[in-house]
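Overview (structure and organization)
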Amino acid sequence: MNVFGTVKTSINTREAAERYGVEVNRHGKALCPFHNDHNPSLFVDDDHYHCFACGEHGDVIDFTAKLFGLKLYEAAQKLAYDFGITQDKPPTKAMQEKQNRKSEAQRLRENEKLCFSALLEYMKLLQEWKRLYAPRTPEEEWHPHFIEACDRLDYVEYLVDTLIGGVFYERNDVIDMMLTDGNLQKLQAYLKKHRKERSYEQEER
């Protein structure tokens, strides 16, 4: 039996998906790694997979080839080697580099999580500042935190809402904006600074 037959009779699609980081629930549903999936649209069975959103479909070898950007024979070799069902030589260096490279959809999803986490924290901070530092009288001088909250809160809420419910290209625009010119890193550093300040203030109390 050749490597294709050996792999197909020895490894099922669900085993491979879970081995390579795709979390499949008890109903066989998972977030599709081949597009920016927010609601589980991938169905994974023992002998095949199918995404009801992007249309990707195939068997265990097709799945592995698509996930790692490999040719079908390379994907079969990888499965055989990773699951220890053949004495074939380890993957070549070029093949290993491909295997280690994350798919574009996976990278996008990771970036989206980072952006969403930072923006959500910033939104909550602005909401807190708007409440805590609101002037009590018309004559009271506005606190810088209150001014920042008034200036930025609506926009940040819009960005968070877009990442939660926007269509793909809208979410992608937000991610691109956050990753441009180090905006995400700047916001993360800004939030870290204010986390330390709040921690210090709490200790002082």
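Calculation criteria
- Residues numbered from 1 in each chain as written.
- Predicted model: local features only at pLDDT ≥ 70, side-chain atom pairs only at ≥ 80, totals over all residues.
- Heavy atoms only, no water.
- Helix = DSSP H or I, 4+ residues; strand = E, 2+ residues; numbered from the N terminus.
- Contact = heavy atoms within 4.5 Å.
- Areas by Shrake-Rupley, 256 points an atom, 1.4 Å probe, with all protein chains shown as cover.
- Core = buried A, V, L, I, M, F, W, Y, C linked by side-chain atoms within 4.5 Å.
- Buried < 20%, exposed > 50% of the residue type's maximum accessible area, 1.4 Å probe, protein only.
- Pairing = 2+ DSSP bridges.
- pLDDT = per-residue confidence, 0-100.
- Phe/Tyr/Trp six-rings, centres within 6.5 Å; stacked < 30°, edge-to-face > 60°.
- Lys NZ or Arg CZ within 6 Å of the ring centre and 35° of its normal.

**Notes on the overall build of the chain**
Looking only at helices and strands, the chain has 9 helices and 4 strands in total. For the chain, the sequential pattern of α-helices and β-strands runs α-α-β-β-β-β-α-α-α-α-α-α-α. Partitioning the contacts of the chain with sequence separation of at least 6, the portion at a separation of at least 24 is 54%. When the accessible surface of the chain is totalled, it reaches about 12700 Å², and 50% of it is carbon and sulfur.

**Quick look at the nonpolar core**
Val 7, Leu 42, Val 60, Ile 61, Phe 63 and Leu 79 are the most contacted members of the largest nonpolar core, which totals 26 residues. A per-element tally of this core places helix 3 (residues 60–68) first, with 6 residues. Not counting chain neighbours up to four residues away, the residues in contact with Ile 61 comprise Phe 4, Val 7, Lys 8, Leu 72, Ala 75, Ala 76 and Leu 79. Within the second largest apolar cluster, 21 residues are counted, among which are Tyr 122, Ala 149, Leu 153 and Val 160.

**Brief notes about the sheet that holds strand 4 (residues 57–58)**
As summarised here, the arrangement of the 4 strands in space is 1-2-3-4, forming an open sheet in which the pairing is antiparallel. Edge positions in the open sheet fall to strand 1 (29–30) and strand 4, since each of these has one partner strand only.

**What to know about the confidence of the model for the chain**
Residue-level pLDDT values for the chain average 86, and 86% of them are 70 or greater. Mean pLDDT across the secondary structure elements of the chain bottoms out at helix 5 (residues 93–100), with 54, and peaks at helix 7 (residues 144–165), with 94.

**A word on the packing of aromatic side chains**
Two numbers describe a pair of aromatic rings. These are the distance of the centres and the angle of the planes. Evaluation of the coordinates by the stated rule reveals 7 aromatic pairs. Ring centres of Tyr 49 and Phe 63 lie 5.2 Å apart, and the angle between their planes is 80°; on these two criteria the pair is classed as edge-to-face. With Tyr 49 in strand 3 (residues 49–51) and Phe 63 in helix 3, this pair connects stretches of sequence that are 14 residues apart. Here the aromatic cluster, defined as three or more aromatic residues joined through ring pairs, consists of Phe 34, Tyr 49 and Phe 63. When the ring centre of Phe 68 is taken as origin, the NZ or CZ atom of Lys 78, which lies over that ring, is 4.6 Å away.

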